[in-house]
Amino acid sequence: FQGHQTKLTAVAVRPDGKQVASASEDGGIRVWDLNTSDEHRAVTDSKESLWAVAVSSDGARIAAGGADKKVRVYANDGAKLEAVLDAGTPVTALA
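The structure contained in this document is the topic of the report that follows. (Residues numbered from 1 in each chain as written. Predicted model: local features only at pLDDT ≥ 70, side-chain atom pairs only at ≥ 80, totals over all residues. Heavy atoms only, no water.)

Quick notes on the overall build of the chain
The condition is simple: Secondary structure follows DSSP: runs of H or I at least 4 residues long count as helices, runs of E at least 2 residues long count as strands, and numbering of each begins at the N terminus. Our radius of gyration looks at C-alpha atoms and nothing else; its globule reference is 2.2 Å times the residue count to the power 0.38.
A tally of regular secondary structure across the chain gives zero helices and eight strands. When the elements of the chain are put in sequence order from the N terminus, they spell out β-β-β-β-β-β-β-β. Expected size for 95 residues packed as a compact globule is a radius of gyration near 12 Å; at 12 Å, the chain falls within 12% of this value. With the principal axes as the frame, the chain shows a C-alpha extent of 35 × 30 × 20 Å.

So this is what it looks like as structure tokens:
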């Protein structure tokens, strides 16, 4: 997984196995298409480390959270930010 500027901290696999989402200490999320060699999209809304990432059961959304105590939810078909939820505490896991 080339592309993150710092250490990779979390990964999640889309339920159909076609994509992997990764999060890192650089605050970035990358969505990797497993049907191509190195095709991916990047999202960098967070300024702080991300420690958790999850893909919805239908593969339509990706959520990520970390040090800034927020969970961000993105549409997987273009990485549009759909919601920002205040977790009240650093986010270390999502499911």
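Brief notes about the nonpolar core
Heads up, the rule is: Among the buried residues, those of types Ala, Val, Leu, Ile, Met, Phe, Trp, Tyr and Cys that are joined through side-chain atoms within 4.5 Å form a nonpolar core. Type-normalised accessible area, obtained with a 1.4 Å probe on protein chains alone, sets the label of each residue: buried when under 20%, exposed when over 50%, and partly exposed for intermediate values. Between two residues, a contact is recorded if the distance between any of their heavy atoms is within 4.5 Å.
Ile-29, Val-53 and Ile-62 are the most contacted members of the largest nonpolar core, which totals 13 residues. Mapped by element, the contributors of at least two residues to this core are strand 1 (8-13), strand 2 (19-24), strand 3 (29-33), strand 5 (50-55) and strand 6 (61-66). Residue contributions to this core peak at three residues, all from strand 5. Not counting residues up to four positions away in its chain, the partners in contact with Val-53 are Ala-10, Val-11, Ala-12, Ala-21, Ala-23, Ile-62, Ala-63, Ala-64 and Leu-94. Judged by nonpolar contacts, the second largest core, of five residues, contains Ala-63, Val-71, Val-73 and Val-91.

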